[in-house]
Amino acid sequence: MQLLFKSIVKSIYSYQLVLWITAVGLGTFNQVRSQSKHAIDEGCIVKTQHHGKIRGSLVGQNEKGWVISNYQKDTITVLKETIRKIYFPDEITLFARKRFHYKKGRLLNHSFGIGLGAAHWNLSYNRRFTTKFEAGFGLGVHNNSFYFNTSNSQHWVFVGSCPLYVHGKYIFSSGKKLWYGKARAGWANNFNSSSSYDLKDGFLFEGGIGVTFKSKTRMKRYLEMTQYFAQASGMAADNSAFALSDIGFKVWFVSFMITYGIEIGR
């Protein structure tokens, strides 16, 4: 006889924690916003063929090339034919100690997140259109699990998925740390495993806050705290000695996730 097992996997504590984190993030908005005063006016980075990277304020342009005032307040003219790449002031925010953030442009994100009964890997391509808004699309490999008890045993069920999603980000500030809110929505694309089969796909949503840290290189590190929701249904294999049948389930995974990632610009 086939049983229908319906379960909603959720934690009230995780909801409270996300609300608290969101309140802290919004409460520090004004403080974080003021940090932009540490930015270098008209900051730019020029990569040259023979002299490495030159960082400083973009003063202007003449017939020979770009004129830059460096950290030592020396005025340098960088010849156009020696330039390999240039980050203009509207593309980056430059700080002391040679560190910078991206203001706009193409970004590649790679991240790994963990939660209670969850481990997620994501890869996305994004576009930062302004200093405040970013949008993109991506894919991932998500492993989620839940457990339930029957009359004579306990069962762990693992559900794997390869989700496709779109995501958006709103950046609260352009200071030394980029605080932001984000949301991700997509389709789970669940696949069969040794503990579950006949899986049906479902909706996926994730939202929360994060912070990106400035660096000297193209790669930026970021940390996120989010609430994750994903839907799955199918059959859980019951391999116990006293099993009468496999068990049908319909479940929402609700997990508080902590994610570490890297962001790579052009």
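Anyway, here's the lowdown on the structure attached to this text. Throughout, residues of each chain are indexed from 1 in the direction in which the sequence is written. Totals for whole chains, interfaces and linings use all residues, but because this is a predicted model, local features are given only for residues with pLDDT of at least 70 and pairs of side-chain atoms are given and counted only at 80 or more. Values shown for side chains rest on all heavy atoms present in the structure; no hydrogens or waters enter the calculation.

### Quick word on the overall build of the protein
Let me state the cut-off plainly: Think of it this way: any DSSP run of H or I at least four residues long counts as a helix, any run of E at least two long counts as a strand, and we number them from the N terminus. Classification of residues uses two cut-offs on accessible area relative to the type maximum, computed with a 1.4 Å probe and protein chains only: under 20% is buried, over 50% is exposed, and between them is partly exposed. Each accessible area value is a Shrake-Rupley result obtained with a 1.4 Å probe; residue values ignore everything except the protein chains displayed when judging cover.
The number of helices and strands found in the protein is 2 helices and 19 strands. Going through the 266 residues of the protein one by one, you find that 44% of them count as buried. Element-wise, carbon and sulfur atoms account for 60% of the exposed surface of the protein, whose accessible area totals about 14,200 Å².

### What to know about unusual backbone geometry
Glycine aside, a negative phi is what most residues show, and trans is what most peptide bonds show. A positive phi angle, close to 55 degrees, is found at glutamate 42, a residue other than glycine. When you line up the elements, glutamate 42 lands in the loop between helix H2 (29-33) and strand E2 (43-48). You will see that lysine 98, though not glycine, has its phi angle at about 70 degrees, which is positive. Relative to the helices and strands, lysine 98 is located in the loop between strand E7 (92-94) and strand E8 (100-102).

### Some details on the sheet that holds strand E4 (residues 65-70)
Backbone hydrogen bonds are what pair the strands of a sheet, in a parallel or an antiparallel way. Rules: For two strands to be treated as a pair, DSSP must find no fewer than two bridges joining them. Throughout, an axis means a line fitted to C-alpha atoms (over the contacting stretch in the case of helices), and angles, computed between N-to-C directions, take values from 0 to 180 degrees.
Taking strand neighbours across the sheet as the criterion, the 5 strands line up as E5-E4-E3-E2-E6 in an open arrangement whose pairing is antiparallel. At either end of the open sheet lies a strand with only one pairing partner, and these are strand E5 (75-79) and strand E6 (83-87). This sheet shows a mean twist of 45 degrees between the axes of neighbouring strands, independent of strand direction. For strand E3 (residues 53-61) and E4, the ladder comprises 5 bridges, and the chain directions are antiparallel. Paired with leucine 58 across the strands is isoleucine 68, a residue of E4.

### Remarks on the pattern of salt bridges
Threshold: The term salt bridge refers to a side-chain nitrogen of Lys or Arg lying within 4 Å of a carboxyl oxygen of Asp or Glu.
Scanning the entire structure with this criterion turns up 7 salt bridges. One salt bridge in this structure joins aspartate 90 and lysine 104, with 3.2 Å as the shortest N-O distance. One end of the pair, aspartate 90, is in the loop between E6 and E7; the other, lysine 104, is in the loop between E8 and strand E9 (105-115), and 14 residues separate them in sequence. Given a relative accessible area of 36%, lysine 104 falls into the partly exposed group.

### Concerning the packing of aromatic side chains
Rules: Two aromatic rings from Phe, Tyr or Trp, using only the six-membered ring of Trp, form a pair when their centres are within 6.5 Å; if the ring planes differ by under 30 degrees the pair is stacked, by over 60 it is edge-to-face, and anything between is tilted. In this scheme, the term charge over a ring applies when either NZ of a lysine or CZ of an arginine sits within 6 Å of the ring centre and within 35 degrees of the ring normal.
Applying the stated criterion to the full structure yields 10 aromatic pairs. Here phenylalanine 100 and tyrosine 102 contribute two aromatic rings whose centre-to-centre distance is 5.5 Å and whose plane-to-plane angle is 85 degrees, an arrangement assigned as edge-to-face. Side by side, phenylalanine 100 and tyrosine 102 carry an identical accessibility label, which is buried. An aromatic cluster of three or more residues is present, and its members are Tyr87, Phe100 and Tyr102. For lysine 169, the ring lying beneath its charged end belongs to tyrosine 222, and the centroid distance is 5.8 Å. Over the ring of tyrosine 102 we find lysine 220; its NZ or CZ atom is 5.3 Å from the centre of that ring.

### Some thoughts on the side chain of threonine 259
Definition in use: Here a residue-residue contact requires only that any non-hydrogen atoms of the pair lie within 4.5 Å.
One can find threonine 259 in strand E19 (residues 247-265). What threonine 259 contacts, discounting residues up to four positions off in sequence, is Ser111, Phe112, Gly113, Tyr222, Leu223 and Glu224.

### Considering the environment of valine 159
For valine 159, the location among the structural elements is in strand E12 (residues 154-161). Assessed through its relative accessible area of 3%, valine 159 is described here as buried. Along the backbone, valine 159 and asparagine 143 are 16 residues apart, and their C-alpha atoms lie at a distance of 6.0 Å. If sequence neighbours within four positions are ignored, valine 159 has contacts with His142, Asn143, Asn144, Asn190, Ser196, Leu199, Ala232, Phe249 and Phe253.

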